[in-house]
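Spelled out from the first residue to the last, the chains are:
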Amino acid sequence: MESAAIETNGATLNAERPASDAAQAGVRSVKRALSLVNAIAEAGGEAALTDLSARTSLPVSTCHHLLKTLIDCGYAAQVPGKKLYVLGTRFIQLSHACVNSDLPRRAQPFLEAISEATGETVHLAALQGSAIVTVALREARHAIRVDAGGVGKLEAPHATSIGKAILAWLPENEIRRVLASGMTRFTEHTMTALPELIEALRQVRREGVAFDREEFIPGVICIGAPIRDQAGAVIGAISASMPKMRASDEHMAMTRAEILSATRALSEDYGAAPEAGAEQTTKTTIPN
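Residues numbered from 1 in each chain as written. Predicted model: local features only at pLDDT ≥ 70, side-chain atom pairs only at ≥ 80, totals over all residues. Heavy atoms only, no water.

## Details of the overall build of the protein chain
Applicable threshold: The way it works is that DSSP assigns letters per residue, a run of H or I at least four long becomes a helix, a run of E at least two long becomes a strand, and they are numbered from the N terminus. The criterion used for residue contact is that any of the two residues' heavy atoms lie within 4.5 Å. Each accessible area is a Shrake-Rupley result for a 1.4 Å probe, and residues are judged covered by the shown protein chains and nothing else.
Regarding its fold elements, the protein chain presents eight helices and 11 strands. Across the protein chain, the fraction of contacts at a sequence separation of at least 24, relative to all contacts at a separation of at least 6, is 54%. Split by element, the accessible area of the protein chain, about 14900 Å² in all, is 52% carbon and sulfur.

See below:
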C-alpha cells in the first residue's frame, strides 16, 4: 500500500492507496508525456503550449507540468525568447544509438558486395555523439592489402575519406566539436588547418564522394560516401581503401560506383529521398 494525500474541506488527510492504483497513475503519466512528444513532432517540430493542449486533449496545466519533466530529462526544450516547445537533444542521442546498432546489420550485404566487386578493404562508420566510429569492416581479398584501421573510434576523421564523407555535411560547429582534439599530421599530404579542410569538404559536397589521397597512410588511397536518413542528415559512411599501385583510373571509377550504389541504397532504406546524394559515376583520376 502507498500513502496518498487527500484534501477535504481545506484539511489534508493521509489515506492508503493500493499500489496498483499508483502503478496505473504512473502508466497514465507516461502515456500523456509520450502523447506530448508525438504532438510536438506532428506539429512540425515545435508547438505552443495551447496547441499541445488542444492536440492531446490534456489541460494546459497538465501539459505544463509534463513538459517541465520532459525538459529536465532532455526530451523537450523551450525555444529561447518564445513560448514554443521543441524536441530535446536526447532524441538525437537515442537516434544515433538506434542507428549504430541497426546500421551494421543493414549494411552487411552492401559491404560484402563492395568487397566482392573491388577486392579492397571496406569500412563502415557511424556518427556517435561527437565521435565518428568505425562499426564494421571487410578485409581486402587481395594478397597485397592495406591496414587502414580497425573497428573503434576514428582518430583521424580529417585525414580519411570515411571521416570526410561524414564531416562534409555537418554544421561547422559540429565539425569543430568532432575535431576538438586537433588535426594531427600523418603524412605530408595531411590537412592540419581547419580553413583548408572546410574548403576541401565543400568539394566533397559538390562531388558526393570523399577521397583520402595518401593523407592518412603513405601509399594508400581511399574513397568514401555518406549514408543519409529520412531527414537528409548524414548518419554514417562507407569507404574502400587500396594501395596506390592498384588505384588505376578504371579501378577507382568502378570502386566509386560500387560505393555510391551501396550508400544510395542504404540511404533509401533509411527513408532518404532517392535523389539524395545522387552523383554521376564518371571516371575519377587520382593525381600522383
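## Section: the nonpolar core
Most often, soluble globular proteins have nonpolar side chains that are buried together. The test is simple: We call a set of buried Ala, Val, Leu, Ile, Met, Phe, Trp, Tyr and Cys residues a nonpolar core when their side-chain atoms join them within 4.5 Å. Per-residue accessibility, obtained with a 1.4 Å probe over protein chains only, is compared with the maximum for each type, and a residue is labelled buried under 20%, exposed over 50%, and partly exposed between these values.
Leu-111, Leu-124, Ile-227, Ile-238 and Met-252 are the most contacted members of the largest nonpolar core, which totals 28 residues. Counting residues per element, the ones that place at least two in this core are helix 4 (90–118), strand 6 (121–128), strand 7 (131–138), strand 10 (220–228), strand 11 (234–243) and helix 8 (249–269). Excluding anything up to four places from it in sequence, Leu-124 contacts Leu-103, Pro-104, Ala-107, Leu-111, Val-133, Thr-134, Val-135, Ala-136, Ile-162, Ile-227, Ala-237 and Ile-238. Of all hydrophobic cores here, the second largest spans 23 residues; its members include Ala-125, Leu-154, Ile-162 and Val-234.

## Concerning unusual backbone geometry
Even without being glycine, Ser-57 reaches a positive phi, approximately 60 degrees. Note on placement: Ser-57 falls in the loop between helix 2 (49–56) and helix 3 (60–72). Phi is positive for Glu-214, close to 60 degrees, though the residue is something other than glycine. Within the secondary structure, Glu-214 sits in the loop between strand 9 (210–213) and strand 10.

## A closer look at the sheet that holds strand 3 (residues 46–48)
What counts is decided by this rule: Note on pairing: two strands pair once DSSP finds at least 2 bridges between them. Fitted lines through C-alpha atoms give the axes, limited to the stretch in contact for helices. The angle between two N-to-C directions lies from 0 to 180 degrees.
Strands sit in the order 3-5-4 across an open sheet of three strands; the sheet is antiparallel. Every other strand in the sheet has two partners, leaving strand 3 and strand 4 (76–78) as the edge strands with one partner each. The average undirected angle you get between the axes of adjacent strands in this sheet is 30 degrees. Note that strand 4 and strand 5 (residues 84–87) share three bridges and pair antiparallel. From the neighbouring strand, Ala-77 faces strand 5, where its bridge partner is Val-86. Against the sheet, helix 2 contacts strand 3 and strand 5, and its axis sits at roughly 95 degrees relative to strand 3.

## Some words on the confidence of the model for the protein chain
Test applied: Scored from 0 to 100, pLDDT records how confident the predictor is in each individual residue.
For the protein chain, the average pLDDT comes to 82, and 80% of its residues sit at 70 or higher. Considering each helix and strand of the protein chain separately, the mean pLDDT is smallest for strand 1 (residues 2–8), with a value of 45, and largest for strand 9, with 95. Under a pLDDT of 50 for its full length, residues 276–288 has, in the predicted model, 31 contacts with residues more than four places off or in other chains.

## Topic: the side chain of Ser-239
Positionally, Ser-239 belongs in strand 11. Its relative accessible area of 4% is what places Ser-239 among the buried residues. Ignoring anything within four residues of it in the chain, the contact list for Ser-239 reads Thr-121, Val-122, His-123, Ser-161, Ile-162, Ile-223, Gly-224 and Ile-259.

## Overview of the pattern of salt bridges
Selection rule: By definition here, a salt bridge exists when the distance from a side-chain nitrogen of Lys or Arg to a carboxyl oxygen of Asp or Glu is within 4 Å.
Applying the stated criterion to the full structure yields 12 salt bridges. Salt-bridge contacts for Glu-215 lead to Lys-164; the nearest nitrogen and oxygen are separated by 2.8 Å. Taken as a pair, Glu-215 in the loop between strand 9 and strand 10 and Lys-164 in helix 5 (residues 161–167) lie far apart in primary sequence, 51 residues in all. For the pair Glu-215 and Lys-164, a shared accessibility class is recorded, and that class is buried. Ionic pairing is found between Glu-199 and Arg-202, a salt bridge with its closest N-O pair at 2.7 Å. Of this pair, Glu-199 and Arg-202 both sit in helix 7 (residues 194–207), separated by three residues, roughly a single helical turn. On the basis of relative accessible area, Arg-202 is assigned to the partly exposed category, the value being 36%. Members of the salt-bridge network, linked through shared partners, are Asp-102, Arg-105, Arg-106 and Asp-269.

## Description of the packing of aromatic side chains
Here is the rule we go by: Paired rings are identified among Phe, Tyr and Trp, the last through its six-membered ring, by centres lying within 6.5 Å, and are further divided according to the angle between planes into stacked (under 30 degrees), edge-to-face (over 60) and tilted (the rest).
Applying the stated criterion across every chain, the model contains one aromatic pair. Taken together, a centroid distance of 4.9 Å and an interplanar angle of 80 degrees make the contact between Phe-186 and Phe-216 edge-to-face. Placement of Phe-186 in the loop between helix 6 (172–178) and helix 7 and of Phe-216 in the loop between strand 9 and strand 10 is noted, with a sequence separation of 30 residues between them. Using a relative accessible area of 34% as the deciding quantity, one classes Phe-186 as partly exposed. Judged by relative accessible area, Phe-216 falls into the partly exposed class, the value being 24%.

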